Amino acid sequence: MNRMTELKEPIDQRLAKGARARATIARRAAELASVDGLEGLSIGKLATDLGVSKSGIATLFGSKEALQLAAVQTGRDVFIERVIVPALGVPRGMERLRALMERWFAHIDESPFPGGCFREATLSEFSSRPGAVRDAIVADHDDWLAFLTGEVRKAQELGALVDTDADLLVFELDALFAAANIARQIDDSARVAAARKIVAKLLAE
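The shown structure was predicted, so the numbers you read here are calculated from the model rather than taken from an experiment.

### Quick word on the overall build of the protein
For step 1, the next point in the chain: Across its full length, the protein holds nine helices and zero strands.
For step 2, the next point in the chain: The N-to-C order of helical and strand elements in the protein reads α-α-α-α-α-α-α-α-α.
For step 3, the next point in the chain: Considering only C-alpha atoms, the protein reaches an extent of 65 × 45 × 30 Å along its principal axes.
For step 4, the next point in the chain: Burial analysis of the protein (205 residues in total) assigns 39% to the buried set.
For step 5, the next point in the chain: Once local pairs closer than 6 in sequence are excluded, the contacts in the protein between residues at least 24 apart make up 69%.
For step 6, the next point in the chain: A total accessible area of about 11,000 Å² is found for the protein, and carbon and sulfur atoms account for 54% of it.

### Considerations on the UniProt feature "domain: HTH tetR-type" (unreviewed entry) in the protein
For step 1, the next point in the chain: Here the UniProt-annotated "domain: HTH tetR-type" (unreviewed entry) positions come out as residues 19-79.
For step 2, the next point in the chain: As annotated, residues 19-79 comprises 82% helix and 0% strand, and the C-alpha atoms at either end are separated by 20 Å.

### Description of helix 4 (residues 64-87)
For step 1, the next point in the chain: Compared with an ideal rise of 1.5 Å per residue, which puts 24 residues at 34 Å, helix 4 spans 34 Å between its outermost C-alpha atoms and is within 8% of the ideal.
For step 2, the next point in the chain: Taking the largest bend as the criterion, helix 4 deviates by roughly 35°, centred on isoleucine 80.
For step 3, the next point in the chain: Of all the positions in helix 4, only Leu67, Gln68, Ala70, Ala71, Val72, Thr74, Gly75, Val78, Phe79, Val83, Ile84 and Ala87 are classed as buried.

### A look at the side chain of glutamate 151
For step 1, the next point in the chain: With respect to the helices and strands, glutamate 151 occurs in helix 7 (residues 132-157).
For step 2, the next point in the chain: Those residues in contact with glutamate 151 that sit more than four places away from it in its chain are Arg92, Arg96, Leu97 and Leu100.

### Considerations on the pattern of salt bridges
Side chains that differ in sign of charge can pair as their charged atoms come close.
For step 1, the next point in the chain: The full count for this structure, using the stated rule, is 16 salt bridges.
For step 2, the next point in the chain: A salt bridge links arginine 129 to glutamate 125; its shortest N-O distance comes to 3.9 Å.
For step 3, the next point in the chain: Owing to a relative accessible area of 36%, arginine 129 belongs among the partly exposed residues under this scheme.
For step 4, the next point in the chain: A relative accessible area of 19% places glutamate 125 in the buried class.
For step 5, the next point in the chain: Residue aspartate 188 is joined to arginine 191 by a salt bridge in which the shortest nitrogen-to-oxygen separation is 2.5 Å.

### Observations concerning the packing of helix 6 (residues 118-126) against helix 7
For step 1, the next point in the chain: Close contact between helix 6 and helix 7 brings their axes to 10 Å; oriented N to C, the two are set at 130°. One element, helix 6, and the other, helix 7, form an angle in the oblique class. Handedness of the helix 6/helix 7 crossing: left-handed. Each of Arg119, Thr122, Leu123 and Phe126 in helix 6 lies in contact with helix 7, whose residues at this interface are Val133, Arg134, Ile137, Val138, Asp140, His141 and Trp144.

### So, unusual backbone geometry
For step 1, the next point in the chain: In this model, leucine 161 sits at a positive phi of 50°, which is unusual for a non-glycine residue.
For step 2, the next point in the chain: Mapped onto the fold, leucine 161 is located in the loop between helix 7 and helix 8 (166-185).
For step 3, the next point in the chain: Look at leucine 161 and you get buried, because its relative accessible area is 7%.
For step 4, the next point in the chain: With a phi close to 60°, aspartate 187 is a non-glycine residue in the positive phi region.
For step 5, the next point in the chain: Relative to the elements of secondary structure, aspartate 187 occurs in the loop between helix 8 and helix 9 (189-202).
For step 6, the next point in the chain: With a relative accessible area of 67%, aspartate 187 lands in the exposed category.

### A short note on the UniProt feature "DNA-binding region" (unreviewed entry) in the protein
For step 1, the next point in the chain: Within this numbering scheme, the UniProt entry marks residues 42-61 as carrying the feature "DNA-binding region" (unreviewed entry).
For step 2, the next point in the chain: The straight-line gap between the two end C-alpha atoms of residues 42-61 is 12 Å; of that span, 80% is helix and 0% is strand.

### Quick word on the nonpolar core
For step 1, the next point in the chain: One finds Met101, Trp104, Trp144, Leu148, Leu161, Val199 and Leu203 to be the most contacted residues of the largest nonpolar core, which totals 30 residues.
For step 2, the next point in the chain: Elements with a contribution of two residues or more to this core: helix 4, helix 5 (94-109), helix 7, helix 8 and helix 9.
For step 3, the next point in the chain: It is helix 5 that contributes the most residues to this core, eight residues altogether.
For step 4, the next point in the chain: If we skip the residues at most four places from it in the chain, valine 199 touches Met101, Phe105, Leu173, Leu176 and Phe177.

Rules of the game
Residues numbered from 1 in each chain as written. Predicted model: local features only at pLDDT ≥ 70, side-chain atom pairs only at ≥ 80, totals over all residues. Heavy atoms only, no water. Helix = DSSP H or I, 4+ residues; strand = E, 2+ residues; numbered from the N terminus. Buried < 20%, exposed > 50% of the residue type's maximum accessible area, 1.4 Å probe, protein only. Contact = heavy atoms within 4.5 Å. Areas by Shrake-Rupley, 256 points an atom, 1.4 Å probe, with all protein chains shown as cover. UniProt positions renumbered as here; feature names shortened; annotations may be inferred. Expected span 1.5 Å × (residues − 1). Bend = angle between axes of the 7 residues up to and from the residue. Salt bridge = Lys/Arg side-chain N within 4 Å of Asp/Glu carboxyl O. Axes fitted to C-alpha atoms, helices over the stretch in contact; angles between N-to-C directions. Parallel < 35°, antiparallel > 145°, perpendicular 65-115°, else oblique. Left-handed = near helix turned anticlockwise from the far one by under 90°. Core = buried A, V, L, I, M, F, W, Y, C linked by side-chain atoms within 4.5 Å.

If you want it as structure tokens, here you go:
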């Protein structure tokens, strides 16, 4: 083993360890923020919760804003993994659109975050707070709605929902899922069921 290889392996190991630590901290930050809000995130509280040093978290993230942005990215990644990726295996059109709705409801019903849907919680919290965190949250939300609108239009190209305004339908779906998320958080299963029925009616061909 030459000298360059000897140097590279420890460096690679440190980078991998740092990446794992960042991912663990960002995931816990997202979990806490789903309950306490992103503004409620505290490096000190997070350090105590995870049993690590405040300086260690500060070294990895540099600032509270960077930690908030990492939490937003984690929330986005989890949503994509749980809602979008499974539906991509379903043929495009109404079948995929309904699969997306089922995965979206499952994300609310069995949320990986204690405060429910991370996107809904943070969007409400930062809607009137300009800055990098708000920009990231809004961009994530806009990306999702644009993706969903594209799926509706593909279904229309295939002959479904022909008399439907795609943008209006997606707006209605987004509002229904926001309401369903609140209903789930207050254990109002009747309203979650009502949201399911309305969504099914909206997607009736």
